[in-house]
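Examination of the molecular architecture
Residue-level listing of the chains:
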Amino acid sequence: MTNPVSLTLYLRQGCHLCQDMERQVMSFQQQYGFTLHIVDIDADKLLKLRYGERVPVLAAGEHEICHYFFNKDLLQQYLKAHC
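A few points on the structure.

Quick notes on the environment of L17
Inspection of the secondary structure puts L17 in helix α1 (residues 16–32). Distance in space between the C-alpha atoms of L17 and V55 is 7.8 Å, their sequence separation being 38 residues. If sequence neighbours within four positions are ignored, L17 has contacts with P56, Y68 and F69.

In structure tokens, the structure reads:
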């Protein structure tokens, strides 16, 4: 049996790219049923240093699926391999 997929969306408030990716990822969440954690990098100094202006970032653990812009093909590939 496959473990449930858990993804993290790193973003910051007031970022239009972040809002766009969040909306698009949530539509995939309804279809595939993965868990989505949304993390504001500005609330954590280490995350802010790690990602800086390179947000949004959609990740599965340490594996980055896509950043800046939503890439549905990369997300689908990841989900097909792990769901």
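What follows picks up the thread again.
Examining the side chain of R12
For R12, the position within the fold is in the loop between β1 (6–11) and α1. Among the polar contacts made by the side chain of R12, one reaches the side chain of D42 at a distance of 2.8 Å. Here G52 takes part through its backbone oxygen, which lies 2.6 Å from a polar atom of the side chain of R12.

Examining the sheet that holds strand β2 (residues 35–40)
Strand order across the open sheet formed by four strands is β2-β1-β3-β4, with mixed pairing between neighbours. Edge strands, defined here as strands with exactly one partner in the open sheet, are β2 and β4 (63–67). Sheet twist, expressed as the average angle between the axes of neighbouring strands with direction ignored, equals 25°. Of the pairings in the sheet, the one linking β1 to β2 comprises six bridges and is parallel in character. If you follow L9 over to β2, its bridge partner there is I38. Across the sheet, α1 lies against β1, β2, β3 (57–60) and β4, angled at about 165° from β2, the strand it touches most. Sheet contacts for helix α3 (residues 72–82): β1, β3 and β4; angle to β4, the most-contacted strand, approximately 155°.

Cut-offs used in this document
- Residues numbered from 1 in each chain as written.
- Predicted model: local features only at pLDDT ≥ 70, side-chain atom pairs only at ≥ 80, totals over all residues.
- Heavy atoms only, no water.
- Helix = DSSP H or I, 4+ residues; strand = E, 2+ residues; numbered from the N terminus.
- Contact = heavy atoms within 4.5 Å.
- Polar contact = N/O pair within 3.5 Å; in protein donor to acceptor, adjacent residues only side chain to side chain.
- Pairing = 2+ DSSP bridges.
- Axes fitted to C-alpha atoms, helices over the stretch in contact; angles between N-to-C directions.

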